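Letter by letter, the chains look like this.
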Amino acid sequence: MKRILAIVLALVLVVCAFAGCSGKKGNTEVESDNVKVDELPEPNNSKPLVVGYSNFSSKFSPFFSETAYDQDVYKMTSVYLLNIDRQGAVVEKGKTGEVREYNGHNYEYKGPADLTITENKDGTVDYDFDLRDDITFSDGEKLTADDVIFSMYVLADPTYDGSSTLYSLPIEGMEEYRSGMATKLSLMYTAGRDNKDFKYWTEKEQKDFWAKLDKAGTAFAQEIIDYCKSAGLGDTAYAAAEAWGFDVSKFAKNATATDMFYLMADNYGGDLASLSSTETAGSSLADLGFDPSEYSVGIKTGDSADSITGIQKTGDYSLKVKLTKTDAAAIYQLGVAIAPLHYYGDKSKYDYDKNSFGFEKGDLSTVREKTTKPLGAGPYIFEKYEDGVVSFKANEKYYLGAPRTTAIQFREMNDDDKLNNLITGSVDITDPSYSTDTVDAIKKENSNNKVTGDKITTNTVDNLGYGYLGISAKAVNVGGEVGSEASKNLRKAFATVFAVYREKTVDSYYKDTASVINYPISNTSWAAPQATDPDYEIAFSKDVDGKDIYTSDMTEEQKEKAALDAALGFFKAAGYTVKDGKVTAAPKGAKMEYEAWIPADGSGDHPSFNMLTDASKALESIGIKLIVKDLANSADLWTGIEADQVPMWCAAWGATPDPDMYQVYYSGVGTKNEPGGSNYMYDIADKTLDENILKARESMDQAYRKQVYKNCLDIIVDWAVEVPVYQRQNAITFSTERVTLASVTPDITTYYGWLEEVQNIQLN
């Protein structure tokens, strides 16, 4: 539920406020209301401060992390080129410091750099960064402009496949730099075993490649077959492939394990690394003798620039990034985590003047090697991840002052155990799911029967994100045409039924701690439509003819009946046979039965679970079977989605201060542009949506951008690939007895969490 596919790494910004200082606001001296370190009691460092976390994925990299929890690990060790304040606005004077007012208090923000933005007469925009010259990484090496440039070049590399979309910005020379290169793996796989063109590799290399892949792939598939056999799912490759969620319509009944592997490989478009990590029944391809990373190096296949002309070093501690046009979201994406060149790259391969940037272009192997062991200039030093515990020690060289607490642990635990572990003293801080049960349990623990009291202190903010139900256009369509009206109507049939049960399910799980939303965007965003807007609509509240499904005087039961009637209309419009109020047959390429996956711990513990079960019963009454698959391990959901095995699912998106939709919804249909990194989840492909996403990036006028984004939201709803469900509150809970509350970040907000001033926090 809490998995966040990072929309842009640079948007997960850490703001480290300078403690106990004063700053200038205009020409007036303003006293800062930051934590006054000098007024705190002596910290208790006899034991580590322990924070309860959900499971980690060991991708603790500023380049390749995927989940919010992994990101928090590298945030502890890193600094960012730009930071944000409590309202989500970028701090442009981090080096000199800015005082900004929030909630009646003045807070000073500091960071590694000052930023000056210049809009030129020719339409280009310059972003000039002036870095502090007194920051060192935790190993003592100085942080310079070279480290920033190295970090940007990693994110811009043609073989980079992480979550950042820095490469999508209109940076001068970016397209020329990224063109004319592909990975050796993709080229060899696409060329095939009968290839006769040995321009990029030898005939022996090709034979070795296919021999190793055949052997490892066969063993890989055989493990899956053996697993399926032991689970009673059949003992043939055909049965295993079907059980594993692959399309076997053109797969022979007597197929071999080798055939099954290449069925999977083709389904992944030859992305063997992703196949290996997501489909395994035990061993990876590397374990079995074929390591995809050996072939991840880029090969130049055409013209390609040696450098990005828009990333310019202007001094040892300064640089300029030139954009060819205005891009409103660029300021957030440029705030990259500053990774040490000497650690993640190769210093001997860095020479700015000779277009060498710390690694061979197309070869990020040195960067990938450090994925599980982050290092940076942040307040803490990563020590190890062992037995479900991430251990940190204080970075005494931290540029804003040595942390008050010398050791911190992030400890894995199930969500259900977080609050109990806080109560029993196993953890000092944690983030339990803020449900009605959680609220009741906290009140019961505190003697004043409130959520903040003598035992537990609770801080809540609107979550920077929202809960949703996803529908894959690739898996739920008619005749394989993801964007046809028939396919949209099929998805709307399901979406209409899901939508009518949202209010009931959200209220039963969250009560006053969450609310239903009607657009696929977090309510924390300035671009979110408001109920008072003249064109605001309840999600999926119109029938196939565009008429309102509900009236204001309907009871809940009447609404549910009306939703089912509307769904029948959509099914019929999608080409289904509808007779006597029931669906009796599906059109070609569609089904009478679909699955909906939900990571509810195998026990139904998820805010959208009741919505699925109620919808399943309702759909069954009209002849459609919806199988609710309750996952004990949430990681299985993401594995399944990446493998295109999940028709529908429930999860939550993380949002960003700027509502740029490129990463999730941009498809690049009809262009040479690459799709957004998370578009594979929905497989939405709409030219008008793409055009609007790009238009919204090209203006600084917020009112104009809000209207363009409203157009985008309407298109997404029309595709019915996403049913917005809830906007919840986040809770961070502290042990009142053990944590020095005066040391905790004051005025925590959606954009500015407790980690932002983690260097100040301490135990009593």
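Here the residue numbering is sequential within each chain, running from 1 through the sequence in written order. Residue-level local features of this predicted model are given only where pLDDT is at least 70; pairs of side-chain atoms are given and counted only at 80 or more, and the full residue set underlies all totals for whole chains, interfaces and linings. Side-chain numbers come from the whole structure's heavy atoms, not from hydrogens or water.

Moving on: the overall build of the protein. To qualify as a helix, a DSSP run of H or I must reach at least 4 residues; to qualify as a strand, a run of E must reach at least 2; elements of each kind are numbered from the N terminus. Within the protein, the secondary structure is distributed over 21 helices and 28 strands. The globule rule used for comparison is 2.2 Å times the number of residues to the exponent 0.38, while the radius of gyration itself is calculated over C-alpha atoms. Radius of gyration (C-alpha) of the protein: 27 Å, near the 27 Å computed for a compact globule of 764 residues. Principal-axis analysis of the C-alpha atoms places the extent of the protein at approximately 75 × 70 × 55 Å. Burial status follows relative accessibility: with a 1.4 Å probe on protein chains alone, a residue under 20% of its type maximum counts as buried, one over 50% as exposed, and anything between as partly exposed. Looking at the protein residue by residue over its 764 residues, the buried ones come to 57%. When checking whether two residues touch, look at their non-hydrogen atoms; a contact exists if any pair is within 4.5 Å. Look at the contacts in the protein between residues 6 or more apart in sequence, and 69% of them connect residues 24 or more apart. Accessible surface is estimated by sampling points in the Shrake-Rupley manner with a 1.4 Å probe; for residues, cover comes only from the protein chains shown. Within the structure as shown, the protein displays about 30,600 Å² of accessible surface, and the carbon and sulfur contribution to it stands at 46%. Between the centroid of the 78 positive side chains of the protein and the centroid of its 117 negative side chains there is a distance of 2 Å. Counted as positive: Lys and Arg. Counted as negative: Asp and Glu, with His and the chain ends omitted from the count. To locate a charge, take atom NZ for lysine, CZ for arginine, CG for aspartate or CD for glutamate.

Bringing the pattern of salt bridges into the picture now. Any carboxyl oxygen of Asp or Glu within 4 Å of a side-chain nitrogen of Lys or Arg constitutes a salt bridge here. Per the counting criterion, the structure on display carries 34 salt bridges. Across the salt bridge formed by lysine 504 and glutamate 560, the nearest N and O atoms sit 3.2 Å from each other. You can see lysine 504 sitting in helix H15 (residues 502-510) and its partner glutamate 560 sitting in helix H16 (residues 556-573), a full 56 residues away along the chain. One continuous salt-bridge network, built from bridges that share partners, spans Asp126, Asp128, Lys320 and Lys322.

Our focus in this paragraph is the packing of aromatic side chains. Only Phe, Tyr and Trp rings are paired, with Trp represented by its six-membered ring, and only when their centres lie within 6.5 Å; those with planes under 30 degrees apart are stacked, over 60 edge-to-face, the remainder tilted. Per the counting criterion, the structure on display carries 49 aromatic pairs. With 5.1 Å between their ring centres and 75° between their planes, phenylalanine 261 and tyrosine 262 make a pair best called edge-to-face. Judged by relative accessible area, which is 14%, tyrosine 262 ranks as buried. Look at tyrosine 665 and tyrosine 682: their rings are 6.0 Å apart centre to centre, the planes differ by 5°, and that puts the pair in the stacked class. Separated by 17 residues along the polypeptide, tyrosine 665 in helix H19 (residues 662-665) and tyrosine 682 in the loop between H19 and helix H20 (687-697) bring together distant segments of the chain. Here tyrosine 665 falls in the buried class, since its relative accessible area comes to 4%. Ring-pair connections join several aromatic residues into one group, and the members of that group are Tyr53, Phe56, Phe60, Tyr69, Phe382, Tyr385, Phe392 and Phe410.

Next up on the list: the nonpolar core. The tendency in soluble globular proteins is for nonpolar side chains to be buried as a group. Core analysis: the largest hydrophobic core is formed by 59 residues, its most contacted members being Phe63, Tyr127 and Met152. Here the element with the most residues in this core is helix H2 (residues 145-156); it accounts for nine residues. Once residues within four sequence positions are removed from consideration, methionine 152 is found in contact with Leu81, Leu166, Ile311, Leu319, Val321, Leu334 and Val336. Residues belong to a common nonpolar core when they are buried Ala, Val, Leu, Ile, Met, Phe, Trp, Tyr or Cys residues joined through side-chain atoms within 4.5 Å.

Let us now look at the environment of lysine 511. Following the sequence through the fold, lysine 511 ends up in the loop between H15 and strand E22 (514-516). Taking the relative accessible area as the measure of exposure, lysine 511 reaches 45% and is therefore partly exposed. In this structure, the C-alpha to C-alpha distance between lysine 511 and leucine 263, residues 248 residues apart in sequence, is 47 Å. Beyond its immediate sequence surroundings of up to four residues, lysine 511 is in contact with Thr436 and Val506.

Inspection of the secondary structure assignment puts arginine 404 in the loop between strand E17 (389-394) and strand E18 (407-412). Along the backbone, arginine 404 and glycine 358 are 46 residues apart, and their C-alpha atoms lie at a distance of 35 Å. Sequence-distant contacts of arginine 404, that is, excluding residues within four places in its chain, are made with Val37, Leu40, Pro41, Glu42, Pro43, Asn45, Gln759, Asn760, Ile761 and Gln762.

All right, on to the pairing of strand E6 (residues 98-102) then. What makes two strands pair is DSSP finding at least two bridges between them. Where E6 and strand E7 (residues 105-109) come together, five bridges link them in antiparallel fashion. Following the sheet pairing, tyrosine 102 is matched in E7 by histidine 105. Between E6 and E7, which pair antiparallel one after the other, the connecting turn spans two residues, and asparagine 103 there sits at a positive phi close to 55°.

Moving on, we come to the packing of H15 against helix H17 (residues 609-620). The geometry of H15 relative to H17 is characterised by a closest axis approach of 8 Å and an angle of 145° between their N-to-C directions. Considering only the axes of H15 and H17, their crossing is right-handed. Here Arg502, Lys504, Thr505 and Ser508 of H15 lie close against H17, whose contacting residues are Phe609, Asn610, Met611 and Asp614. Note on geometry: axes are lines fitted to C-alpha atoms, helical ones only across the stretch in contact, with angles between N-to-C directions running from 0 to 180 degrees. Definitions for this section: a left-handed crossing has its near helix turned counterclockwise from the far helix by less than a right angle. A right-handed crossing has that turn clockwise.

Strand order in the open sheet formed by four strands is E8-E9-E13-E12, with antiparallel pairing between adjacent strands. Both edges of this open sheet fall to strand E8 (113-119) and strand E12 (311-315), since each of them pairs with a single strand only. Averaged over all adjacent pairs, the angle separating strand axes in this sheet is 20°, with direction ignored. Across four bridges, E12 lies against strand E13 (residues 318-323) in antiparallel orientation. Bridging from a neighbouring strand, lysine 313 pairs with leucine 319 of E13.

Bringing the side chain of asparagine 463 into the picture now. You can see asparagine 463 is positioned in the loop between strand E20 (456-462) and strand E21 (465-471). Judged by relative accessible area, which is 10%, asparagine 463 ranks as buried. Not counting chain neighbours up to four residues away, the residues in contact with asparagine 463 comprise Ser522, Thr524, Gln727, Arg728, Gln729, Asn730 and Thr750.

With glycine set apart, most residues show a phi of negative sign, and most peptide bonds adopt trans. With a phi angle near 55°, aspartate 387 is a residue other than glycine that sits in the positive phi range. By the secondary structure assignment, aspartate 387 is in the loop between strand E16 (380-386) and E17. When its relative accessible area of 75% is taken as the criterion, aspartate 387 is described as exposed. With phi around 60°, asparagine 449 is a residue other than glycine that occupies positive phi space.

Any segment with low pLDDT has predicted coordinates that should not be analysed in fine detail. pLDDT is a per-residue confidence score from the predictor, ranging from 0 to 100. Per-residue pLDDT for the protein has a mean of 91; in total, 96% of the residues score no lower than 70. Ignoring residues within four places in sequence, the model shows residues 1-28, a span with pLDDT below 50, making 123 contacts including any to other chains.

Okay, the side chain of aspartate 690 next. With respect to the helices and strands, the residue aspartate 690 is situated in helix H20. Within the buried core, aspartate 690 has no salt-bridge partner, and the shortest N-O distance to an opposite charge, that of lysine 687, equals 9.3 Å. What aspartate 690 contacts, discounting residues up to four positions off in sequence, is Tyr665, Tyr666, Ser667, Gly668 and Val669.

Our focus in this paragraph is the pairing of E21. Across the seven residues of E21, seven count as buried, placing the element largely inside the fold. Where burial is concerned, the two faces of E21 agree: the one with Gly465, Gly467, Leu469 and Ile471 and the one with Tyr466, Tyr468 and Gly470 are both buried. In this sheet, strand E27 (residues 648-654) lies alongside E21 in antiparallel orientation, the contact comprising seven bridges. Residue pairing for E27: glycine 467 is matched across the bridge by alanine 652. In this sheet, strand E28 (residues 722-735) lies alongside E21 in antiparallel orientation, the contact comprising four bridges. Directly across from glycine 467, in E28, lies its bridge partner tyrosine 726.

Another point: the packing of helix H14 (residues 485-500) against H16. Packing of H14 against H16 leaves a shortest axis separation of 8 Å and a crossing angle of 170°. Classed by the angle they form, the pair H14 and H16 counts as roughly antiparallel. Listed contacts from H16 to Ala486, Asn489, Leu490, Lys492, Ala493, Phe494, Thr496, Val497 and Val500 of H14 are Lys559, Glu560, Ala563, Leu564, Ala566, Ala567, Phe570, Phe571 and Ala573. When grouped by side-chain class, the residues that make up the contact of H14 with H16 number 13 nonpolar, two polar and three charged. Each angle gets one of four labels, with under 35 degrees taken as roughly parallel, over 145 as roughly antiparallel, 65 to 115 as roughly perpendicular, and the rest as oblique. Under the grouping applied here, Gly and all other residues not named as nonpolar or charged are polar, the nonpolar ones being Ala, Val, Leu, Ile, Met, Phe, Trp, Tyr, Cys and Pro and the charged ones Asp, Glu, Lys and Arg.

Buried residues of H15: Arg502, Thr505, Val506, Tyr509 and Tyr510, and no others. For H15, the arc enclosing every buried residue in end-on projection is 100°, short of the 170-degree limit, so these residues lie on one face. Residues of H15 that are buried make contact with helix H13 (436-445), H14, E22, H17 and E28. An arc is given here, and it is the one of the directions from the helix axis to the C-beta atoms.

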